[in-house]
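What follows is the residue order along each chain.
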Amino acid sequence: MAKQSWSATGRRKRSSAQVILTSGTGNITVNGVDVDEYMPYQTLVMDLKQPLVLTNNENRFDITVTVKGGGFSGQTGAIRLGIARALMNFDANTDQSRDDSYRKVLKANGMISRDPRVKERKKYGLKKARRAPQFSKR
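What comes next is a walk through the structure. (Residues numbered from 1 in each chain as written. Predicted model: local features only at pLDDT ≥ 70, side-chain atom pairs only at ≥ 80, totals over all residues. Heavy atoms only, no water.)

**Regarding the pattern of salt bridges**
Line of reasoning, step 1. All chains considered together, the criterion is met by five salt bridges.
Line of reasoning, step 2. Notably, a salt bridge pairs glutamate 120 with arginine 130, separated by 3.0 Å at the nearest N-O pair. You can see glutamate 120 sitting in the segment after α5 (102–108) and its partner arginine 130 sitting in the segment after α5, a full 10 residues away along the chain.
Line of reasoning, step 3. A relative accessible area of 36% places glutamate 120 in the partly exposed class.
Line of reasoning, step 4. Relative accessible area serves as the criterion here: at 68%, arginine 130 is assigned to the exposed category. (Salt bridge = Lys/Arg side-chain N within 4 Å of Asp/Glu carboxyl O. Helix = DSSP H or I, 4+ residues; strand = E, 2+ residues; numbered from the N terminus. Buried < 20%, exposed > 50% of the residue type's maximum accessible area, 1.4 Å probe, protein only.)

**Some remarks on the environment of lysine 13**
Line of reasoning, step 1. Secondary-structure assignment places lysine 13 in the loop between β1 (5–12) and β2 (15–23).
Line of reasoning, step 2. Spatially, the C-alpha atoms of lysine 13 and lysine 137 are 39 Å apart, while their sequence positions differ by 124 residues.
Line of reasoning, step 3. Ignoring anything within four residues of it in the chain, the contact list for lysine 13 reads Arg114, Arg117 and Val118. (Contact = heavy atoms within 4.5 Å.)

**Quick word on the side chain of threonine 76**
Line of reasoning, step 1. If you trace the backbone, threonine 76 turns up in helix α4 (residues 72–90).
Line of reasoning, step 2. A relative accessible area of 0% means that threonine 76 is categorised as buried.

**Section: the sheet that holds β1**
Line of reasoning, step 1. Within the open sheet, the five strands sit side by side as β1-β2-β5-β3-β4. Their pairing is mixed. Edge positions in the sheet fall to β1 and β4 (33–34), since each has one partner strand and no second.
Line of reasoning, step 2. As judged from the eight bridges shared by β1 and β2, these two strands associate in the antiparallel manner. Looking at β2, one finds that arginine 11 is bridged to serine 16.
Line of reasoning, step 3. Strand contacts of α4: β1, β2, β3 (28–30) and β5 (61–68), with the helix running at about 145° to β1, the strand carrying the most contacts. (Pairing = 2+ DSSP bridges. Axes fitted to C-alpha atoms, helices over the stretch in contact; angles between N-to-C directions.)

**Considerations on a positive patch on the surface**
Line of reasoning, step 1. A surface patch of like charges, here positive, comprises Lys119, Arg121, Lys122, Lys127, Lys128 and Arg131.
Line of reasoning, step 2. With respect to the helices and strands, lysine 119 occurs in the segment after α5. (Patch = residues over 30% accessible without salt bridge, like charges linked within 9 Å, V, L, I, M, F, W, Y side chains within 5 Å. Areas by Shrake-Rupley, 256 points an atom, 1.4 Å probe, with all protein chains shown as cover. Lys, Arg positive; Asp, Glu negative; His and termini not counted. Charge placed at Lys NZ, Arg CZ, Asp CG, Glu CD.)

**Considerations on the nonpolar core**
Line of reasoning, step 1. Judged by nonpolar contacts, the single largest core of 29 residues is most densely connected at Ile63 and Ile79.
Line of reasoning, step 2. Those elements that provide at least two residues to this core are β1, β2, β3, α1 (35–38), α2 (42–48), β5, α4 and α5.
Line of reasoning, step 3. The biggest single contributor to this core is α4, with seven residues.
Line of reasoning, step 4. If near-sequence neighbours (up to four positions away) are discounted, isoleucine 79 is found in contact with Ala17, Val19, Val30, Met39, Leu48, Val65 and Val67. (Core = buried A, V, L, I, M, F, W, Y, C linked by side-chain atoms within 4.5 Å.)

**Topic: the environment of leucine 106**
Line of reasoning, step 1. Relative to the assigned elements, leucine 106 resides in helix α5.
Line of reasoning, step 2. For the pair leucine 106 and glycine 74, spaced 32 residues apart in sequence, the C-alpha to C-alpha distance is 19 Å.

**Overview of the packing of aromatic side chains**
Line of reasoning, step 1. All chains considered together, the criterion is met by five aromatic pairs.
Line of reasoning, step 2. Plain terms: the ring middles of tryptophan 6 and phenylalanine 61 are 6.1 Å apart, the flat faces sit at 80° to each other, and that makes the pair edge-to-face. Within this pair, whereas tryptophan 6 is found in strand β1, its partner phenylalanine 61 is found in strand β5, the two being separated by 55 residues in sequence.
Line of reasoning, step 3. Accessibility expressed as a relative area gives 3% for phenylalanine 61, which makes it buried.
Line of reasoning, step 4. In textbook terms, an aromatic cluster arises when at least three aromatic residues are bridged by ring pairs, as seen for Trp6, Phe61, Phe90 and Tyr102. (Phe/Tyr/Trp six-rings, centres within 6.5 Å; stacked < 30°, edge-to-face > 60°.)

This is the structure we're talking about:
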């Protein structure tokens, strides 16, 4: 019999992450590489695992992630949102009015809202989005 899996998508800045949760021992694989090797800083790995820590599922699921675009910070945010959404898919059949439901726990800690901040486009006549050329009086 095939293992049951739960999937979700997370996005942040220019990054997009496809997350697949399967029951396992807590291994996290990002683009075919272990998460500790893929991410350059341990703080990013801790940030990425926050939804699992809040719901006490660090060693319950194996997570496979395919992430594209952006830098490491944006990819971490996209993976974190994907994991939170996949955990809510896993917990969808339980009573959502309970205080220990995954949705209530994750929402209280700000894990299920997408961060809408993206880079502002460059405008013509300016050096960057808002930076004007230096003014010369003479």
